Amino acid sequence: MRGKFITFEGGEGAGKSTQIRYLATDLQRRGLEVVVTREPGGSAGAEAVRSVILSGAARDFGAAGEALLFSAARIDHIDQLIEPSLAAGKWVLCDRFADSTRAYQGVLGNLDTRLIQALEHVTLKGLKPDLTLMLDLDPKIGMARADARRGKSEAADRFESEGADFHKALRDVFRDIAAAEPARCVVIDASRTQGLVAADIITAVAKHFKLGDGDVVEEAMS
Ligand code: TYD
(Lines give C-alpha, C1' and ligand atoms only; values in the text may rest on other atoms or scores of the structure.)
Protein backbone atom coordinates (compact mmCIF):
# COMPACT_ATOMS: atom_id res chain seq x y z
CA MET A 1 0.00 0.00 0.00
CA ARG A 2 1.34 3.36 -1.03
CA GLY A 3 2.00 5.91 1.73
CA LYS A 4 0.67 9.48 1.86
CA PHE A 5 2.51 12.66 0.98
CA ILE A 6 1.89 15.71 3.20
CA THR A 7 3.61 19.04 2.60
CA PHE A 8 3.92 22.06 4.90
CA GLU A 9 4.09 25.53 3.39
CA GLY A 10 4.13 29.09 4.71
CA GLY A 11 6.31 32.09 5.31
CA GLU A 12 9.47 32.36 7.39
CA GLY A 13 9.04 31.62 11.11
CA ALA A 14 5.58 30.07 10.75
CA GLY A 15 6.68 27.04 12.80
CA LYS A 16 6.68 24.41 10.07
CA SER A 17 9.54 22.31 11.40
CA THR A 18 8.12 22.23 14.96
CA GLN A 19 4.69 21.28 13.66
CA ILE A 20 6.07 18.55 11.43
CA ARG A 21 7.61 16.92 14.50
CA TYR A 22 4.29 17.01 16.38
CA LEU A 23 2.45 15.49 13.43
CA ALA A 24 5.12 12.83 12.93
CA THR A 25 4.76 11.77 16.57
CA ASP A 26 0.98 11.58 16.25
CA LEU A 27 1.11 9.49 13.08
CA GLN A 28 3.71 7.14 14.57
CA ARG A 29 1.44 6.69 17.57
CA ARG A 30 -1.20 5.47 15.12
CA GLY A 31 1.25 2.82 13.93
CA LEU A 32 2.27 4.52 10.69
CA GLU A 33 5.84 4.67 9.39
CA VAL A 34 6.82 8.30 8.92
CA VAL A 35 9.62 10.02 7.02
CA VAL A 36 10.31 13.68 7.81
CA THR A 37 12.15 15.65 5.18
CA ARG A 38 12.60 19.19 3.85
CA GLU A 39 13.21 21.27 0.76
CA PRO A 40 15.47 22.43 -0.57
CA GLY A 41 17.31 19.29 0.50
CA GLY A 42 16.26 15.88 1.76
CA SER A 43 18.80 13.88 -0.27
CA ALA A 44 22.58 14.21 -0.59
CA GLY A 45 22.44 15.87 -4.00
CA ALA A 46 19.63 18.21 -3.02
CA GLU A 47 21.39 19.23 0.23
CA ALA A 48 24.43 20.23 -1.84
CA VAL A 49 22.21 22.43 -4.04
CA ARG A 50 20.55 23.81 -0.88
CA SER A 51 23.76 25.27 0.46
CA VAL A 52 24.49 26.96 -2.88
CA ILE A 53 21.03 28.56 -3.07
CA LEU A 54 20.68 29.66 0.56
CA SER A 55 24.17 31.19 0.60
CA GLY A 56 22.86 33.61 -2.03
CA ALA A 57 25.54 32.48 -4.50
CA ALA A 58 22.85 31.92 -7.16
CA ARG A 59 20.98 35.20 -6.59
CA ASP A 60 22.52 36.67 -9.73
CA PHE A 61 21.07 33.80 -11.77
CA GLY A 62 17.72 35.53 -11.28
CA ALA A 63 14.40 33.94 -10.33
CA ALA A 64 14.39 31.62 -13.35
CA GLY A 65 17.88 30.36 -12.57
CA GLU A 66 16.97 29.78 -8.92
CA ALA A 67 13.76 28.00 -9.97
CA LEU A 68 15.88 25.65 -12.09
CA LEU A 69 18.14 24.93 -9.13
CA PHE A 70 15.23 24.28 -6.74
CA SER A 71 13.74 21.98 -9.40
CA ALA A 72 17.00 20.08 -9.91
CA ALA A 73 17.22 19.54 -6.15
CA ARG A 74 13.58 18.40 -6.13
CA ILE A 75 14.20 15.81 -8.86
CA ASP A 76 16.93 14.19 -6.76
CA HIS A 77 14.84 14.40 -3.57
CA ILE A 78 11.83 12.73 -5.23
CA ASP A 79 13.93 10.02 -6.87
CA GLN A 80 16.12 9.23 -3.88
CA LEU A 81 13.74 9.64 -0.96
CA ILE A 82 10.11 10.63 -1.56
CA GLU A 83 9.03 8.08 -4.19
CA PRO A 84 10.83 5.08 -2.63
CA SER A 85 9.34 5.96 0.78
CA LEU A 86 5.80 6.31 -0.58
CA ALA A 87 6.20 3.08 -2.52
CA ALA A 88 7.24 1.35 0.74
CA GLY A 89 4.01 2.54 2.39
CA LYS A 90 5.59 5.30 4.47
CA TRP A 91 3.96 8.66 5.15
CA VAL A 92 6.24 11.44 3.95
CA LEU A 93 6.06 14.81 5.71
CA CYS A 94 7.92 17.48 3.78
CA ASP A 95 8.86 20.97 5.00
CA ARG A 96 8.17 23.01 1.79
CA PHE A 97 7.69 21.63 -1.70
CA ALA A 98 6.58 22.83 -5.15
CA ASP A 99 4.22 25.53 -3.79
CA SER A 100 7.31 27.34 -2.47
CA THR A 101 8.72 27.47 -6.00
CA ARG A 102 5.37 28.75 -7.29
CA ALA A 103 5.33 31.44 -4.60
CA TYR A 104 8.95 32.55 -4.13
CA GLN A 105 10.27 32.18 -7.67
CA GLY A 106 7.05 32.11 -9.69
CA VAL A 107 4.91 34.90 -8.31
CA LEU A 108 7.44 36.98 -6.37
CA GLY A 109 10.07 36.44 -9.04
CA ASN A 110 7.59 37.47 -11.74
CA LEU A 111 8.12 34.32 -13.79
CA ASP A 112 5.71 33.30 -16.52
CA THR A 113 3.27 30.76 -15.04
CA ARG A 114 3.91 28.58 -18.09
CA LEU A 115 7.56 28.23 -17.04
CA ILE A 116 6.55 27.15 -13.53
CA GLN A 117 3.98 24.71 -14.95
CA ALA A 118 6.56 23.25 -17.33
CA LEU A 119 9.06 22.87 -14.48
CA GLU A 120 6.44 21.15 -12.32
CA HIS A 121 5.65 18.83 -15.22
CA VAL A 122 9.23 17.64 -15.66
CA THR A 123 10.13 17.70 -11.97
CA LEU A 124 7.12 16.13 -10.30
CA LYS A 125 6.25 13.60 -13.01
CA GLY A 126 2.68 13.49 -11.74
CA LEU A 127 3.54 13.44 -8.02
CA LYS A 128 1.20 15.70 -6.06
CA PRO A 129 0.87 16.13 -2.31
CA ASP A 130 -2.16 14.32 -0.88
CA LEU A 131 -2.48 17.21 1.56
CA THR A 132 -0.79 20.59 1.94
CA LEU A 133 -0.93 22.43 5.26
CA MET A 134 -0.51 26.18 4.77
CA LEU A 135 0.75 27.73 8.00
CA ASP A 136 -0.62 31.25 7.88
CA LEU A 137 0.91 34.00 9.99
CA ASP A 138 1.36 37.77 9.98
CA PRO A 139 4.85 38.10 8.43
CA LYS A 140 5.86 40.66 11.09
CA ILE A 141 5.45 37.95 13.73
CA GLY A 142 7.07 35.33 11.49
CA MET A 143 10.13 37.46 10.77
CA ALA A 144 10.52 38.32 14.48
CA ARG A 145 10.41 34.59 15.28
CA ALA A 146 12.93 33.82 12.54
CA ASP A 147 15.25 36.57 13.85
CA ALA A 148 15.00 35.24 17.42
CA ARG A 149 15.62 31.66 16.28
CA ARG A 150 18.70 32.68 14.30
CA GLY A 151 20.28 34.70 17.10
CA LYS A 152 22.59 37.67 16.64
CA SER A 153 25.66 35.87 15.37
CA GLU A 154 24.08 34.25 12.30
CA ALA A 155 23.26 36.19 9.14
CA ALA A 156 19.82 36.00 7.51
CA ASP A 157 19.75 33.62 4.54
CA ARG A 158 18.95 34.44 0.90
CA PHE A 159 15.18 34.77 1.40
CA GLU A 160 15.01 35.81 5.06
CA SER A 161 16.90 38.93 4.04
CA GLU A 162 14.16 40.06 1.63
CA GLY A 163 12.11 43.07 2.83
CA ALA A 164 8.75 43.32 4.61
CA ASP A 165 6.79 43.83 1.36
CA PHE A 166 8.17 40.57 -0.03
CA HIS A 167 7.04 38.61 3.01
CA LYS A 168 3.62 40.28 3.04
CA ALA A 169 3.12 39.39 -0.63
CA LEU A 170 4.29 35.85 0.07
CA ARG A 171 1.53 35.35 2.62
CA ASP A 172 -1.06 36.41 0.04
CA VAL A 173 0.35 34.03 -2.57
CA PHE A 174 0.14 31.02 -0.24
CA ARG A 175 -3.43 31.98 0.65
CA ASP A 176 -4.26 32.28 -3.07
CA ILE A 177 -2.81 28.82 -3.78
CA ALA A 178 -4.91 27.37 -0.94
CA ALA A 179 -8.05 29.09 -2.22
CA ALA A 180 -7.43 27.78 -5.74
CA GLU A 181 -6.94 24.18 -4.58
CA PRO A 182 -9.24 23.64 -1.58
CA ALA A 183 -9.32 19.85 -2.00
CA ARG A 184 -5.54 19.67 -1.45
CA CYS A 185 -4.83 22.60 0.88
CA VAL A 186 -5.86 23.48 4.42
CA VAL A 187 -4.96 26.90 5.87
CA ILE A 188 -3.85 26.74 9.51
CA ASP A 189 -3.81 29.80 11.76
CA ALA A 190 -0.18 29.66 12.96
CA SER A 191 -0.40 32.71 15.23
CA ARG A 192 -1.52 30.66 18.23
CA THR A 193 0.47 28.57 20.70
CA GLN A 194 2.36 25.52 19.37
CA GLY A 195 -0.03 23.16 21.17
CA LEU A 196 -3.16 24.71 19.66
CA VAL A 197 -1.65 24.77 16.16
CA ALA A 198 -0.58 21.13 16.53
CA ALA A 199 -4.06 20.09 17.65
CA ASP A 200 -5.59 21.84 14.64
CA ILE A 201 -3.17 20.13 12.27
CA ILE A 202 -3.80 16.69 13.75
CA THR A 203 -7.55 17.25 13.43
CA ALA A 204 -7.18 18.40 9.80
CA VAL A 205 -5.00 15.40 8.90
CA ALA A 206 -7.31 12.91 10.65
CA LYS A 207 -10.30 14.38 8.81
CA HIS A 208 -8.58 14.47 5.43
CA PHE A 209 -7.43 10.85 5.60
CA LYS A 210 -10.38 9.61 7.66
CA LEU A 211 -8.12 8.40 10.45
CA GLY A 212 -9.79 7.03 13.53
CA ASP A 213 -8.95 8.17 17.05
CA GLY A 214 -5.61 6.50 17.60
CA ASP A 215 -5.77 3.90 14.87
CA VAL A 216 -6.01 3.81 11.15
CA VAL A 217 -9.28 3.04 9.42
CA GLU A 218 -9.41 1.34 6.08
CA GLU A 219 -10.01 4.37 3.87
CA ALA A 220 -6.71 5.90 4.92
CA MET A 221 -4.85 2.91 3.62
CA SER A 222 -6.67 2.62 0.29
P1 TYD B 1 14.79 27.21 5.24
O2 TYD B 1 15.91 27.58 6.13
O3 TYD B 1 14.42 25.78 5.13
O4 TYD B 1 13.57 28.15 5.56
P5 TYD B 1 12.20 27.91 6.27
O6 TYD B 1 12.53 27.54 7.68
O7 TYD B 1 11.51 29.22 6.15
O8 TYD B 1 11.50 26.82 5.49
O9 TYD B 1 15.14 27.79 3.80
C10 TYD B 1 14.40 27.55 2.69
C11 TYD B 1 14.27 28.86 1.95
O12 TYD B 1 14.19 28.61 0.54
C13 TYD B 1 13.02 29.60 2.35
O14 TYD B 1 13.34 30.97 2.46
C15 TYD B 1 12.10 29.41 1.17
C16 TYD B 1 13.03 29.21 0.01
N17 TYD B 1 12.50 28.34 -1.06
C18 TYD B 1 12.25 28.87 -2.32
O19 TYD B 1 12.46 30.06 -2.54
N20 TYD B 1 11.79 28.05 -3.31
C21 TYD B 1 11.57 26.72 -3.11
O22 TYD B 1 11.15 26.00 -4.04
C23 TYD B 1 11.83 26.18 -1.80
C24 TYD B 1 11.61 24.72 -1.54
C25 TYD B 1 12.30 27.03 -0.81
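Residues numbered from 1 in each chain as written. Predicted model: local features only at pLDDT ≥ 70, side-chain atom pairs only at ≥ 80, totals over all residues. Heavy atoms only, no water.

*Asks:* Would you explain the site of the ligand in this entry?
*Replies:* Not every one of the 17 residues close to the ligand is listed here, only the nearest: Glu12, Arg96, Thr101, Tyr104 and Gln105. In this structure, an oxygen atom belonging to the ligand sits 2.8 Å away from a side-chain N or O atom of Glu12. At a separation of 2.8 Å, a nitrogen atom of the ligand approaches a polar side-chain atom of Gln105. When contributions to the shell around the ligand are tallied by element, the ones reaching two or more residues are helix 2 (44-54), helix 3 (62-87) and helix 4 (98-107). Ranked by residue count, the leading element in the shell around the ligand is helix 4, at 4 residues. Residues belonging to the shell around the ligand are distributed by class as follows: 5 nonpolar, 3 polar and 9 charged. (Near = heavy atom within 4 Å. Polar contact = N/O pair within 3.5 Å; in protein donor to acceptor, adjacent residues only side chain to side chain. Helix = DSSP H or I, 4+ residues; strand = E, 2+ residues; numbered from the N terminus. Nonpolar A, V, L, I, M, F, W, Y, C, P; charged D, E, K, R; others polar.)

*Asks:* Even after reading the chapter, I still don't get the packing of aromatic side chains, so can you show me in this structure?
*Replies:* Counted under the stated rule, the structure contains 6 aromatic pairs. Look at Phe5 and Phe97: their rings are 4.9 Å apart centre to centre, the planes differ by 90 degrees, and that puts the pair in the edge-to-face class. Of this pair, Phe5 sits in strand 1 (residues 5-10) while Phe97 sits in the loop between strand 3 (91-95) and helix 4, and the two are 92 residues apart along the sequence. Owing to a relative accessible area of 0%, Phe5 belongs among the buried residues under this scheme. (Phe/Tyr/Trp six-rings, centres within 6.5 Å; stacked < 30°, edge-to-face > 60°. Buried < 20%, exposed > 50% of the residue type's maximum accessible area, 1.4 Å probe, protein only.)

*Asks:* Would you take a moment to explain the sheet that holds strand 4 (residues 131-136) for this structure?
*Replies:* The strands making up a sheet are joined through hydrogen bonds of the backbone, oriented either antiparallel or parallel. If you walk across this open sheet you meet the 5 strands as 2-3-1-4-5, and the pairing is parallel. Lying at the two open borders of the sheet, with one neighbouring strand each, are strand 2 (34-38) and strand 5 (185-189). Ignoring which end each strand starts from, the neighbouring axes of this sheet average 20 degrees apart. Relative to strand 3, strand 1 runs parallel, the two being bridged by 4 bridges. When the bridges of strand 3 are listed, Thr7 appears paired with Cys94. This element, helix 4, spans strand 1 and strand 4 of the sheet and lies at about 25 degrees to strand 1. (Pairing = 2+ DSSP bridges. Axes fitted to C-alpha atoms, helices over the stretch in contact; angles between N-to-C directions. Contact = heavy atoms within 4.5 Å.)

*Asks:* Looking at this model, I keep getting lost on the pairing of strand 3. Mind explaining?
*Replies:* One face of the sheet, then the other: side chains in a regular strand alternate in exactly this way. Within strand 3, 5 of the 5 residues are buried, leaving the element largely enclosed by the surrounding structure. A two-sided burial pattern is seen for strand 3, the buried positions comprising Trp91, Leu93 and Asp95 on one face and Val92 and Cys94 on the other. In the sheet, strand 2 pairs with strand 3 via 5 bridges, with the strands oriented parallel. Within the sheet, the bridge partner assigned to Val34 lies in strand 3 and is Trp91.

*Asks:* Even after reading the chapter, I still don't get helix 2, so can you show me in this structure?
*Replies:* Because an α-helix packs 3.6 residues into every turn, residues spaced three or four apart end up facing the same way. Those residues of helix 2 that fall on the buried side of the exposure criterion are Ala46, Val49, Arg50, Ile53 and Leu54. The buried residues of helix 2 all sit within an arc of 120 degrees when viewed along its axis, so they share a single face. The inward-facing, buried residues of helix 2 abut strand 2 and helix 3. Gly56 occupies a position one or two residues after helix 2 and carries a positive phi of about 90 degrees. (Arc of directions from axis to C-beta.)

*Asks:* Help me out: how do you make sense of the packing of helix 3 against helix 4 in this one?
*Replies:* Pairs of packed helices are described in terms of their axes, by the angle between the two and the distance that separates them. At their nearest, the axes of helix 3 and helix 4 sit 10 Å apart, and the two run at 175 degrees to each other. One finds that helix 3 runs roughly antiparallel with respect to helix 4. Facing Ala63, Glu66, Ala67, Phe70 and Arg74 of helix 3, the residues of helix 4 in contact are Ala98, Thr101 and Gln105. Of the residues belonging to the contact of helix 3 with helix 4, the class tally is 4 nonpolar, 2 polar and 2 charged. (Parallel < 35°, antiparallel > 145°, perpendicular 65-115°, else oblique.)

*Asks:* What is the right way to look at unusual backbone geometry in this model?
*Replies:* Negative phi characterises most residues that are not glycine, and trans characterises most peptide bonds. Geometrically, the link from Glu39 to Pro40 is a cis peptide bond, its omega value of -10 degrees lying close to zero. By the secondary structure assignment, Pro40 is in the loop between strand 2 and helix 2. The backbone of Arg96 shows a phi angle near 75 degrees, a positive value even though the residue is not glycine. One can find Arg96 in the loop between strand 3 and helix 4.

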